[in-house]
Amino acid sequence: MKVSAGYRAFSIVNHLFLALLAASCLYPLLHVLALSFSDASLLTVRDVGLIPQGFTLEPYKQLIVGPMFAPALVISILRVLVGTAINMVLTTITAYPLARESSELKGRTGYMWFLLFPMLFSGGLIPMYLWMRQLDLLNRFWVLVLPSAVPVFN
């Protein structure tokens with residue numbers, strides 16, 4: 001198949017543009033990573049670019065030894081396990097009946113609108129906060145799991 005010169009030029013410009021876009025997204029991440037592995041005394045001088053200066057793992061040692069690391073790790077793992085289990089059960093028991101014909105599930109259209117409307121028109125962050133406060137879920141594990149228990153988009 002013969003490729004035109006215009007297509008080759010477009011392809012080269014497109015690849016260059018996407019490479020520059022990817023580099024502009026990766027640069028801040030690599031810079032922060034280099035800062036995290038650099039010696040603290042060099043950070044004040046701003047002598048760190050993409051390559052760590054005075055390589056050290058001390059900040060990571062302090063993070064792992066710190067008193068908040070283990071509880072945060074346990075909460076993260078529990079959130080994934082419990083949240084996934086609840087999510088799968090509720091999605092299955094919601095989706096299976098809704099996949100049936102309208103003749104098999106009376107009021108199917110009403111249920112669909114009941115689930116679809118809040119997905120399209122969310123109240124936002126403040127009403128969600130007020131609702132979680134009303135349910136006394138603030139500063140509890142369940143505030144991390146229950147608001148996203150039934151992902152209607154799935």
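All figures in this text were calculated on a predicted structure; none of them were measured in a lab.

A. Quick peek at the overall build of the chain. Across its full length, the chain holds six helices and zero strands. Mapped in sequence order, the helices and strands of the chain form the string α-α-α-α-α-α. Computed over C-alpha atoms, the radius of gyration of the chain comes to 25 Å, more than 25% over the 15 Å expected from 2.2 N^0.38 for 154 residues, which places it beyond the range of a compact globule. Projected onto its principal axes, the C-alpha positions of the chain cover 70 × 65 × 25 Å.

B. The arrangement of the packing of aromatic side chains in detail. Counted according to the given criterion, the structure contains four aromatic pairs. With 5.1 Å between their ring centres and 35° between their planes, phenylalanine 37 and tyrosine 60 make a pair best called tilted. With phenylalanine 37 in the loop between helix H1 (5-36) and helix H2 (40-45) and tyrosine 60 in helix H3 (residues 58-65), this pair connects stretches of sequence that are 23 residues apart. Tyrosine 60 sits in the partly exposed class, given a relative accessible area of 30%. When the centroid spacing of 5.4 Å and the interplanar angle of 75° are considered together, the rings of phenylalanine 141 and tryptophan 142 count as edge-to-face.

C. Just the environment of proline 127, in detail. Looking at where proline 127 falls in the secondary structure, it is placed in helix H6 (residues 125-134). Taking the relative accessible area as the measure of exposure, proline 127 reaches 40% and is therefore partly exposed. Placed 31 residues apart in sequence, proline 127 and tyrosine 96 show a C-alpha to C-alpha distance of 30 Å.

D. Expanded view of the environment of asparagine 154. With respect to the helices and strands, asparagine 154 occurs in the segment after H6. Note: C-alpha distance between asparagine 154 and alanine 95 (59 residues apart in sequence) is 8.7 Å.

E. Region of the structure containing unusual backbone geometry. Positioned with a positive phi, aspartate 136 is a non-glycine residue whose angle comes to about 60°. Inspection of the secondary structure assignment puts aspartate 136 in the segment after H6. Positive phi values are uncommon outside glycine, yet asparagine 139 reaches one of about 60°. Summarising the element assignment, asparagine 139 is placed in the segment after H6. Since its relative accessible area comes to 82%, asparagine 139 is described here as exposed.

F. Spotlight on the side chain of serine 38. Its location among the elements puts serine 38 in the loop between H1 and H2. The exposure class of serine 38 is buried, given its relative accessible area of 2%. Side-chain polar atoms of serine 38 contact the backbone oxygen of alanine 34, separated by 2.6 Å. There is a polar contact of 3.1 Å between the side chain of serine 38 and the backbone nitrogen of glutamine 53. In contact with serine 38, not counting residues within four places along its chain, are Leu43, Val48, Pro52, Gln53, Gly54 and Thr56.

G. Region of interest: the environment of alanine 149. Its location among the elements puts alanine 149 in the segment after H6. In this structure, the C-alpha to C-alpha distance between alanine 149 and methionine 132, residues 17 residues apart in sequence, is 14 Å. With sequence-adjacent residues up to four places away left out, alanine 149 is seen in contact with Ile86, Asn87 and Leu90.

Conventions and cut-offs
- Residues numbered from 1 in each chain as written.
- Predicted model: local features only at pLDDT ≥ 70, side-chain atom pairs only at ≥ 80, totals over all residues.
- Heavy atoms only, no water.
- Helix = DSSP H or I, 4+ residues; strand = E, 2+ residues; numbered from the N terminus.
- Rg over C-alpha atoms; globule rule 2.2 N^0.38 Å.
- Phe/Tyr/Trp six-rings, centres within 6.5 Å; stacked < 30°, edge-to-face > 60°.
- Buried < 20%, exposed > 50% of the residue type's maximum accessible area, 1.4 Å probe, protein only.
- Polar contact = N/O pair within 3.5 Å; in protein donor to acceptor, adjacent residues only side chain to side chain.
- Contact = heavy atoms within 4.5 Å.

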